[in-house]
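# Coordinate analysis (summary)
Each chain, written out:
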Amino acid sequence: LSSLNGLDGLLVSNWENVRYLTGFTGSNGAALFLRTGDAVVATDGRYLIQVAAEAPGLEVIESRQPLDSLLQYAIDRGAGRLAVEAQHLSLAAFRRLQQASGTNCELVETTGIVEGLRAVKDEGEVQALRQACAITDAAFAAVVLKLRPGVTERAVADQLYAAMRAAGAEAAAFDSIVGFGPNSAIPHHQPTARPLQPGDLVKTDFGARYAGYHADMTRTVVVGPAADWQRDIHTAVANVQNRGVAAAKPGAAPVELDAMAREGIVEAGHRVFHGLGHGVGLQIHEAPLLVPTSTAEALEPGMVITIEPGIYLEGQGGVRIEDTLLIGESGAERLTQTPRELIEI
Ligand code: ZN
Ligand code: ZN
């Protein structure tokens, strides 16, 4: 809370932020941190047993309207300027809280305070991310390398889910993207009943969630033998990805990494459809973002990010290669370790 210049406290409404700061994983709850050192979490009766176990020692208020109760708690303790999370509070909730605080307490809109802390992972978080990535690698080996023509995109998505669960995942990190043939050219394709055919590129973008932390990996294989155009775009994407990983060091600016990858894709004669990557942690997409509009200044040791360039030829097929990386003192370590060469199945 040392960053809260001129503020008497922070009202945390985003649930990942509540979890990060308190350990409480319930889906209804909010937390309040006051300059005085008071820390309190509010949740409803369904979560009282859980919150006592997950956030021992923290003061708990039972409430069906956690934010309102915590605001009152802050006002009762003389808070005159209270930070709220502008990105996570609905307009209706903000207006309701403003009404309730009246002239007693000014609500100050802030963005990214807790997200900034979350961007750099501690050892326990890195352990969870390593495990999520290891499960993801195991699922790829169990499913994608054993694909045969005739299987559908949906069946492969189901197989990936089952393989991740069997390997210890608590859930999938997100709905798996599985695209065959022309569907692989759709960056965020949703799996369909299309069967796998000879000559198809197969793009799989998926990951496991373990202890709340997400993995994110994309690999593209081909039902061989690969055509020249398939090899060409795969090589181009692999080169851009390797250069991006090599440049992902402490001090590197996310906007510059993104710009470098864009240049590489354009130089290969293709257009750019999306940013280079994103932070990964309690959310699948979090700070720092590797996009042209990123507000993150520089990578730091302990950040976990993805590097995921892609080239997509509409109507033909596309290739994306994505790894989840840990930024170390001198460079990036790939936490997802599935081979990246073009595999012919
Ligand atoms: Zn992904
Ligand atoms: Zn991603």
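Above this text is the structure in question.
### Description of the environment of Ala332
Turning to its location among the elements, Ala332 is positioned in strand β19 (residues 332-334). Exposure remark for Ala332: the relative accessible area of 25% places this residue in the partly exposed category. Separated by 88 residues in sequence, Ala332 and Gly244 have C-alpha atoms that sit 9.8 Å apart. With residues up to four places along the chain from it excluded, the contact list for Ala332 reads Val245, Ala248, Leu325, Leu326 and Ile327.

### Description of the packing of helix α3 (residues 66-76) against helix α4 (residues 91-101)
When two helices pack together, their arrangement is given by the angle between the helix axes and the distance between those axes. At a minimum axis distance of 10 Å, the contact between α3 and α4 shows a crossing angle of 30°. Judged by the angle between their axes, α3 and α4 are roughly parallel. The way α3 lies across α4 gives a crossing that is right-handed. Every residue of α4 that contacts α3 at Leu67, Asp68, Leu71 and Ile75 is listed here: Arg96, Leu97, Ala100 and Ser101. Across the contact of α3 with α4, the residue classes tally to 5 nonpolar, 1 polar and 2 charged.

### Some thoughts on the side chain of Thr338
Relative to the helices and strands, Thr338 resides in the segment after β19. Here Thr338 falls in the buried class, since its relative accessible area comes to 4%. Engagement of the side chain of Thr338 in a polar contact is seen with the side chain of Asp137, the distance being 2.7 Å. Residues within four places of Thr338 in sequence aside, it is in contact with Asp137, Phe140, Met217 and Arg219.

Each value, and the rule that gives it
- Residues numbered from 1 in each chain as written.
- Chains lettered and ligands numbered in written order.
- Predicted model: local features only at pLDDT ≥ 70, side-chain atom pairs only at ≥ 80, totals over all residues.
- Heavy atoms only, no water.
- Helix = DSSP H or I, 4+ residues; strand = E, 2+ residues; numbered from the N terminus.
- Buried < 20%, exposed > 50% of the residue type's maximum accessible area, 1.4 Å probe, protein only.
- Contact = heavy atoms within 4.5 Å.
- Axes fitted to C-alpha atoms, helices over the stretch in contact; angles between N-to-C directions.
- Parallel < 35°, antiparallel > 145°, perpendicular 65-115°, else oblique.
- Left-handed = near helix turned anticlockwise from the far one by under 90°.
- Nonpolar A, V, L, I, M, F, W, Y, C, P; charged D, E, K, R; others polar.
- Polar contact = N/O pair within 3.5 Å; in protein donor to acceptor, adjacent residues only side chain to side chain.

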